[in-house]
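# Per-entry structural report
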Amino acid sequence: MDSVKIERINELARKKKTQGLTEAETLEQAELRREYLQSIRENFRQTLESIEYKD
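Reference entry: report on the structure contained in this document. (Residues numbered from 1 in each chain as written. Predicted model: local features only at pLDDT ≥ 70, side-chain atom pairs only at ≥ 80, totals over all residues. Heavy atoms only, no water.)

### Comments concerning the overall build of the protein chain
Selection criterion: A run of DSSP states H or I qualifies as a helix once it reaches four residues; a run of E qualifies as a strand once it reaches two. Both are numbered from the N-terminal end. As a reference, a globule follows 2.2 Å times the number of residues to the power 0.38, and the radius of gyration itself is taken over C-alpha atoms. To measure how exposed things are, a 1.4 Å probe is used in the Shrake-Rupley method; for residues, cover is taken only from the protein chains shown. None of His or the chain ends enter the tally, which takes Lys and Arg as positive and Asp and Glu as negative. Note on charges: their place is set at NZ of Lys, CZ of Arg, CG of Asp or CD of Glu.
A count of helices and strands for the protein chain gives two helices and zero strands. In terms of overall dimensions, the protein chain is more spread out than a globule: its C-alpha atoms have a radius of gyration of 16 Å, far above the 10 Å expected for 55 residues. A principal-axis box enclosing the C-alpha atoms of the protein chain has dimensions of 55 × 15 × 15 Å. Looking at the protein chain as shown, the accessible area adds up to about 4,900 Å², and 52% of this sits on carbon and sulfur atoms. Of the side-chain charges in the protein chain, 11 are positive and 12 negative, and the distance between the mean point of each set is 5 Å.

Right under this line is the structure:
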């Protein structure tokens, strides 16, 4: 996930705390969060798959 999307997630979170979000912004935030979590899961899965076990 690129830094522009992460910054947008943070921007929407700040706005939600201060002013509240419109319905469109709420949907955008949910989609961005979904993408972010998917990216984290993929990176974590790759990390786990790269682990080599040795006795």
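Here the narrative resumes, following the displayed structure.
### Focus on the pattern of salt bridges
The test is simple: By salt bridge we mean one thing: a side-chain nitrogen of Lys or Arg within 4 Å of a carboxyl oxygen of Asp or Glu. Under the scheme applied here, a residue whose accessible area is under 20% of the maximum for its type counts as buried, over 50% as exposed, and between as partly exposed, the area being computed with a 1.4 Å probe on protein chains only.
In this structure the tally under the stated criterion is six salt bridges. Between R8 and E11 there is a salt bridge, with its nearest N and O atoms 2.7 Å apart. Pair noted here: R8 and E11 are both in helix α1 (residues 3-18), with a separation of three residues, about one helical turn. With relative accessibility at 23%, the residue R8 sits in the partly exposed group. Among the salt bridges present, the one from K15 reaches E25, with a minimum N-O distance of 2.7 Å. Here K15, found in helix α1, pairs with E25, found in helix α2 (residues 23-49); they are 10 residues apart in sequence, far enough to count as distant. By relative accessible area, which is 14% here, E25 ends up buried.

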